[in-house]
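What follows is the residue order along each chain.
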Amino acid sequence: MDLLPAETSQIAKRHGFRSLKLVNVDMDQPLGEKPFGVEYGVLENGLRYYVRSNSKPKMRAALALAVKAGSVLEEEDERGVAHIVEHLAFSATKKYTNHDIVKFLESIGAEFGACQNAVTSSDDTVYELFVPVDKPELLSQAISVLAEFSTEVRVSTDDLEKERGAVMEEYRGNRNANGRMQDAHWILMMEGSKYADRLPIGLEKVIRTVPPEIVKQFYRKWYHLHNMAVIAVGDFSDTQSVVELIRTHFGPKSLAHDPLPIPHFPVPSHEEPRFSCFVESEAAGSAVMISYKMSVDELKTVKDYKDLLTESMFLYALNQRLFKISRRKDPPFFSCSAAADVLVRPVKAYMITSSCKEKGTIEALESMLIEVARIRLHGFSEREISVVRALLMSEVESAYLERDQMQSTSLRDEYLQHFLRNEPVVGIEYEAQLQKTILPQISALEVSKYSEKLRTSCSCVIKTMEPWATATVDNLKAVVSKISSLEEEQSISPWDDEHIPEEIVSNKPNPGNIVQQLEFSNIEVTELILSNGMRVCYKRTDFFDDQVLFTGFSYGGLSELPESEYFSCSMGSTIAGEIGVFGYKPSVLMDMLAGKRAEVGTKVGAYMRTFSGDCSPSDLETALQLVYQLFTTDVKPGEEEVKIVMQMAEEAVHAQERDPYTAFANRVRELNYGNSYFFRPIRISDLQKVDPLKACQYFNSCFKDPSTFTVVIVGNIDPSIAGHLILQYLGGIPKSPEPVLHFNRDDLRGLPFTFPATVIREVVRSPMVEAQCSVQLCFPVELKNETMMQEIHFVGFLSKLLETKIMQVLRFKHGQIYSAGVSVFLGGNKPSRTGDIRGDISINFSCDPDISSMLVDIALDEILHLQEEGCSDEDVSAVLEIEQRAHENGLQENYYWLDRILRSYQSRVYFGDVGMSFEVQDEGRSKVRELLTPSTAQLALQRILPFPCKKQYTVVILMPRTSPVKLLTSLFQSTDNSYSRKAKILAGVAGVTVFGLTLWRYSRRGHKS
């Protein structure tokens, strides 16, 4: 099996990664302290700056102000103040008041949240801006905003009072099952260190009562320019002029007094493992987490870099094994993965996390520990390491090919880590040379030795998480003792590798031919009709040298099924995916694709069936082979695979039943869309009726007839090469003798849903460990067929206008929410080219339960005001600017073009000419932009929403339900808050993050504004 990506003349000619010279490696050679490719320096007042010119995306700049001041610096009465300062920065400074910074940035198209944000962690605070620079003054203004953050944040009593509610709502939002688990586990991991008591969100008491003087004191004490750096990466004509702007805005600022040095806060190591069994009634499932803490490694020399590569290879190889174990008969866990991350400045950790069945945590823990012990005893095989080596080589090749197309935000983040973590920046060219030189030299033995760092004597923390207690600490200790004995006795057998086929397609199909070829010059696409009936449209772009995207779709999906077959067939994708939709088990295919960048996924929706892919140009053949296999493989249900899928599905249903938000979401769905089986949540009784054979048969039929599919391909494709591959693997898909799932888009069966005709306000009460409140305010929408192209765009602009205004009134004026979202749902309509479209616009926010109804009334008043009085010119200008900037960014992305071409084929004006359909949609957008004024926006709100808005809407509010036992307990509750908090931790009040490792980025992610 070839473990490196196949070289094509195109790739070799344009990029020459294969001809990239190896370097003479001196392991003691320093990597260099000065960052590569950037204007780097220090102003006289101590501020560091990084400035780099980068044209991806065009006419945009990614800026940041990094401050080496986080929550670990807080005193007891300051717990949460670092985060409060970050909030206040956007609220008021010496130059800007009343959130004028937010308004200014939105006026130039830098959307709040997406383009202007900040994050507070234990060790640092980072303010980020993403701004247009097509006008000379914009960059200067944006840098001046960062300069205001550095020394001019205003902390008045009024400013603080206005922001408390938003910070408090962020605090409340963190007190769900996942948040409790994160907080409690953080305390366990950092025990004996100040970090344990300095979570970035802080204490509720401090958030509610801290006086302005304390906040000012922290700000003045730690916000010093010598603790800061400004990073500017963007489409600059020259970097020196940007340096001068930084000097202009930051240079005059001087130190009021000698700054304090940043203290070092050690985290103690421990030889004896720590054990915890967390019980969380709202947990999403059962899980096990093993953590091994250690000091952060220095990365200063080539040897350090080799060690980092070896560590990466170890984690990749371990993850491959863990994935294969999860796909065995009666697996000990549903999923399991390993990762490494820096938790706080002095400490990193290896983490292995698994999700498992109920009462399965002990079995999962045993399997996880055995696998690490197996590596210590027997190591990885050379074949395993060759697979991992190929994978890493493929990744660095992709990065090298796109070295001139890196996003400015990615480069900004590299320089942030250089300043905050002393991580060297050597440039992708040199890094690619290093990896290409070093990777072949790293042996299986060197990789396997990393398992020595994963011993339970290495500051190990073992934790189980369950919805109710089944495991005990004694159980965990017994497992550790058992595996230690097995390892000492060498009673653990070597790893047994699976056989891996050489080729994805063993017998290459006979190529099809082109029946018709059309060129649509207005959007620079070519359309082919193949001999098997498949339509293929491709667009060649140069946005990214190592990216090709594609999606194929066909009309007809789950809405065509009777209720008796719906639940079985809706499970088809899940069951087939576990068995292997490309002719091989997922664990086998994973190794077959090693060293190749090609992935394909499927989806069966209400009205469409789709497959989508993402690949390197050099691996387009592999990706299209997967599509060919998808259409020619008959998936048959295996007993073991079906058992695993049904177990996972049952666990998911039980998890939903425990989640207090489930009843809320179910009631919203039932109220707005009716009690149709399609919208109803799946229950255990539904799973028991699933017929695996019918599920697989339906899935097979979904991807059987190529004549019903339209495929759009966008990216760096060479038609002279891609054309042959398209004919071979897409044209070579055999045409069905009889039509399979062949539907006319205008005749599809629509989903049954009817919005209530009156006002309905309901409260859903769910039992909760800690009080949460979520609000959904929903309005019906009906768009008329004759004005559809414009109305669709009006809806998009109005949703952004509503979101902006709701944020202004509920957060910036009243200070009672953290964020608000406005979403549009039009997906319930069948894709017919005739008839009106119905749907809804919903506004979502979380808040204090006691004021939820009041905030709903304020939101309704604001929307009614917009309908009756209209919005301001500034509001319309900001919405237009935000949309235009997003559009300009999108035009430089393959995903954006893929989506627009797909929507052109799926548009109701499409009758065979995709270029014309694209143009009509584009004209609709342009027309609405020309028409949008305060008065036309007002009329559109009256036309598209019910008018007045208070005559027809639904509101569902999730509120906590206090049990009689909890109510009685509260009457006798101790006034000792410290004891109460400790008792909650000891009781294991923690949630479960079953999938992913988001907890472990906790300290780095911190809390965003």
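Keep in mind that what you see is a predicted model, and the values were worked out from it rather than measured.

## Side note on the overall build of the protein
Phase 1 of the analysis: Per the secondary structure count, the protein includes 34 helices and 24 strands.
Phase 2 of the analysis: Against the globule reference of 30 Å for 1009 residues, the protein gives a C-alpha radius of gyration of 29 Å, in line with a compact fold.
Phase 3 of the analysis: In the protein, which comprises 1009 residues, the proportion classed as buried is 58%.
Phase 4 of the analysis: Taking as baseline every contact in the protein between residues at least 6 positions apart, the subset at least 24 positions apart corresponds to 85%.
Phase 5 of the analysis: One way to put it: in the protein the 110 positive side-chain charges average out to a point 2 Å from where the 136 negative ones average out.

## Some points on the environment of glycine 360
Phase 1 of the analysis: Mapped onto the elements of the fold, glycine 360 is located in the loop between β10 (347-356) and α11 (361-378).
Phase 2 of the analysis: Along the chain, glycine 360 and proline 332 lie 28 residues apart, while their C-alpha atoms are 7.2 Å from each other.

## Digging into the packing of helix α26 (residues 788-813) against helix α31 (residues 934-944)
Phase 1 of the analysis: At their nearest, the axes of α26 and α31 sit 10 Å apart, and the two run at 105° to each other. As summarised for this structure, α26 and α31 are arranged roughly perpendicular, according to the angle between their axes. Along its contact with α26, which presents Glu791, Phe794, Val795, Leu798, Leu801 and Leu802, the element α31 presents Thr936, Ala937, Ala940, Leu941, Arg943 and Ile944.
Phase 2 of the analysis: Here the contact of α26 with α31 is composed, by residue class, of nine nonpolar, one polar and two charged.

## Observations regarding the sheet that holds strand β20 (residues 774-783)
Phase 1 of the analysis: Here we have five strands laid out as an open sheet, ordered β19-β23-β20-β22-β21, and mixed in their pairing. A single partner strand is all that each edge strand has here, and the edge strands are β19 (760-767) and β21 (820-825). Neighbouring strand axes in the sheet, compared pairwise and without regard to direction, differ in orientation by 20° on average.
Phase 2 of the analysis: Two elements, β21 and strand β22 (residues 837-846), share six bridges in a ladder whose sense is antiparallel. Paired with serine 823 across the strands is serine 842, a residue of β22.
Phase 3 of the analysis: On top of the sheet, helix α27 (residues 852-868) reaches β19, β20, β22 and β23 (954-961); it is set at about 30° to β20, its chief contact.

## Re the pattern of salt bridges
Phase 1 of the analysis: With the rule as written, the count across this model stands at 65 salt bridges.
Phase 2 of the analysis: Of the charged contacts in the structure, one is a salt bridge between lysine 300 and glutamate 298, with a shortest N-O distance of 3.6 Å. The burial state of lysine 300 is the same as that of glutamate 298; both residues are exposed.
Phase 3 of the analysis: For arginine 597, the salt bridge identified is with aspartate 546, shortest N-O distance 3.4 Å.

## A closer look at the pairing of strand β18 (residues 710-715)
Phase 1 of the analysis: Burial analysis of β18 places six of its six residues in the buried class, the great majority of the element.
Phase 2 of the analysis: Because side chains alternate across β18, one face comprises the buried residues Thr710, Val712 and Val714, and the other comprises Val711, Ile713 and Gly715, equally buried.

## Concerning the side chain of threonine 464
Phase 1 of the analysis: By secondary structure assignment, the location of threonine 464 is in strand β11 (residues 460-466).
Phase 2 of the analysis: Not counting residues up to four positions away in its chain, the partners in contact with threonine 464 are Ser276, Cys277, Phe278, Ala287, Val288, Thr361, Ala471 and Leu476.

## Topic: the sheet that holds strand β9 (residues 335-344)
Phase 1 of the analysis: What the five strands build is an open sheet, ordered β7-β11-β8-β10-β9; its pairing is mixed. Among the strands making up the open sheet, the edge pair consists of β7 (274-279) and β9. Within the sheet, the average angular offset between the axes of one strand and its neighbour, ignoring direction, is 20°.
Phase 2 of the analysis: Examined bridge by bridge, β9 and β10 share nine bridges and lie antiparallel to one another. Residue pairing for β10: cysteine 336 is matched across the bridge by serine 354.
Phase 3 of the analysis: Together, β8 (286-295), β9, β10 and β11 form the strand contacts of α11, whose direction differs from that of β8 by roughly 35°.

## A word on the nonpolar core
Phase 1 of the analysis: One finds Leu63, Tyr127, Val131, Phe250 and Phe845 to be the most contacted residues of the largest nonpolar core, which totals 131 residues.
Phase 2 of the analysis: Considering every element that reaches this core, the biggest residue donor is α26, with 13 residues.
Phase 3 of the analysis: Aside from chain neighbours lying at most four places away, what touches phenylalanine 845 is Ser774, Val775, Leu810, Ile817, Ser819, Ala820, Leu855 and Val856.
Phase 4 of the analysis: Listed in part, the 94 residues of the second largest apolar core include Val525, Tyr555, Cys569 and Ala649.

## Describing the packing of aromatic side chains
Phase 1 of the analysis: Here the structure, examined in full by the defined rule, presents 30 aromatic pairs.
Phase 2 of the analysis: Summarising the aromatic geometry, the rings of phenylalanine 90 and tyrosine 127 are spaced 6.4 Å apart at their centres and angled 45° between planes, so their arrangement reads as tilted. Of the two residues, phenylalanine 90 sits in helix α2 (residues 81-91) while tyrosine 127 sits in strand β5 (residues 125-132), which places them 37 residues apart along the sequence.
Phase 3 of the analysis: Residue tyrosine 127 is classed as buried on the basis of its relative accessible area, which comes to 0%.
Phase 4 of the analysis: One aromatic cluster in this structure is built from Tyr566, Phe567, Tyr673, Tyr677, Phe678, Phe679, Phe753 and Phe825.
Phase 5 of the analysis: The side chain of lysine 68 reaches across the aromatic face of phenylalanine 419, ending 4.5 Å from its centre.
Phase 6 of the analysis: Taking NZ or CZ as reference, arginine 838 lies 4.6 Å from the ring centre of phenylalanine 753, over its face.

## Some points on the state of the cysteines
Disulfide: a covalent bond formed between the sulfur atoms of two cysteine residues.
Phase 1 of the analysis: Across all of its chains, the model carries zero disulfides by this definition.
Phase 2 of the analysis: Counting only cysteine sulfurs, cysteine 356 is the nearest neighbor of cysteine 277, a cysteine outside any disulfide, at a range of 12 Å.
Phase 3 of the analysis: Looking at the unpaired cysteine 458, the closest cysteine sulfur is the one in cysteine 460, lying at 8.3 Å.
Phase 4 of the analysis: The class for cysteine 458 is partly exposed, based on a relative accessible area of 25%.

## Description of unusual backbone geometry
Phase 1 of the analysis: The omega torsion across lysine 56 and proline 57 is 0°, close enough to zero to call that bond cis.
Phase 2 of the analysis: Omega for the bond connecting phenylalanine 947 with proline 948 falls within 30 degrees of zero, at -5°, which places this linkage in the cis form.
Phase 3 of the analysis: Within the secondary structure, proline 948 sits in the loop between α31 and β23.
Phase 4 of the analysis: For aspartate 330, which is not a glycine, the phi torsion comes out positive at approximately 45°.
Phase 5 of the analysis: Turning to its location among the elements, aspartate 330 is positioned in the loop between α10 (302-326) and β9.
Phase 6 of the analysis: Owing to a relative accessible area of 40%, aspartate 330 belongs among the partly exposed residues under this scheme.
Phase 7 of the analysis: Of note, the phi angle at serine 459 is positive, near 45°, even though the residue is not glycine.

## Section: helix α9 (residues 239-250)
Phase 1 of the analysis: Between its first and last C-alpha atoms α9 spans 16 Å; for 12 residues at 1.5 Å apiece the expected length is 16 Å, and the two agree.
Phase 2 of the analysis: For α9, the set of buried residues is Thr239, Val242, Val243, Ile246 and Phe250. The arc enclosing the buried residues of α9, seen along the axis, measures out at 105°, which places them on a common side.
Phase 3 of the analysis: Buried residues along α9 sit in contact with β1 (39-42), β2 (48-53), β3 (60-67), α4 (136-151) and β6 (228-234).
Phase 4 of the analysis: Capping the start of α9, aspartate 238 holds a side-chain oxygen 3.3 Å from the backbone nitrogen of glutamine 240, two or three residues further along.

## Details of helix α5 (residues 157-174)
Phase 1 of the analysis: Look at α5: 26 Å from first C-alpha to last across 18 residues, which is about the 26 Å you get at 1.5 Å a residue.
Phase 2 of the analysis: A maximum bend of about 30° is found in α5 at arginine 164.
Phase 3 of the analysis: By the criterion of burial, α5 is predominantly enclosed, with 13 of the 18 residues buried.

## Some details on the pairing of strand β16 (residues 598-604)
The two faces of a sheet get side chains in turn, since along a regular strand they alternate between them.
Phase 1 of the analysis: The sheet contact formed by β16 and strand β17 (residues 608-615) spans seven bridges and is antiparallel. The residue bridging lysine 603 from the neighbouring strand is threonine 610, located in β17.
Phase 2 of the analysis: Taking the residues that link successive antiparallel strands as the turn, the β16-β17 hairpin has three residues.

## A closer look at the environment of lysine 508
Phase 1 of the analysis: With respect to the element layout, lysine 508 can be found in the loop between α16 (473-488) and β12 (514-520).
Phase 2 of the analysis: For the pair formed by lysine 508 and glutamine 728, sequence separation is 220 residues and the distance between their alpha carbons is 7.9 Å.
Phase 3 of the analysis: Those residues in contact with lysine 508 that lie beyond four places of it in its chain are Glu621, Gln728 and Tyr729.

## Some points on the confidence of the model for the protein
Phase 1 of the analysis: Looking at the protein as a whole, the pLDDT averages 90, with 93% of positions reaching at least 70.
Phase 2 of the analysis: Long-range and interchain partners of residues 1-15, a stretch whose pLDDT sits below 50, account for 42 contacts in this model, where long-range means more than four residues apart.

What counts, and where the lines are drawn
- Residues numbered from 1 in each chain as written.
- Predicted model: local features only at pLDDT ≥ 70, side-chain atom pairs only at ≥ 80, totals over all residues.
- Heavy atoms only, no water.
- Helix = DSSP H or I, 4+ residues; strand = E, 2+ residues; numbered from the N terminus.
- Rg over C-alpha atoms; globule rule 2.2 N^0.38 Å.
- Buried < 20%, exposed > 50% of the residue type's maximum accessible area, 1.4 Å probe, protein only.
- Contact = heavy atoms within 4.5 Å.
- Lys, Arg positive; Asp, Glu negative; His and termini not counted.
- Charge placed at Lys NZ, Arg CZ, Asp CG, Glu CD.
- Axes fitted to C-alpha atoms, helices over the stretch in contact; angles between N-to-C directions.
- Parallel < 35°, antiparallel > 145°, perpendicular 65-115°, else oblique.
- Nonpolar A, V, L, I, M, F, W, Y, C, P; charged D, E, K, R; others polar.
- Pairing = 2+ DSSP bridges.
- Salt bridge = Lys/Arg side-chain N within 4 Å of Asp/Glu carboxyl O.
- Core = buried A, V, L, I, M, F, W, Y, C linked by side-chain atoms within 4.5 Å.
- Phe/Tyr/Trp six-rings, centres within 6.5 Å; stacked < 30°, edge-to-face > 60°.
- Lys NZ or Arg CZ within 6 Å of the ring centre and 35° of its normal.
- Disulfide = S-S within 2.5 Å.
- Expected span 1.5 Å × (residues − 1).
- Arc of directions from axis to C-beta.
- Polar contact = N/O pair within 3.5 Å; in protein donor to acceptor, adjacent residues only side chain to side chain.
- Bend = angle between axes of the 7 residues up to and from the residue.
- pLDDT = per-residue confidence, 0-100.

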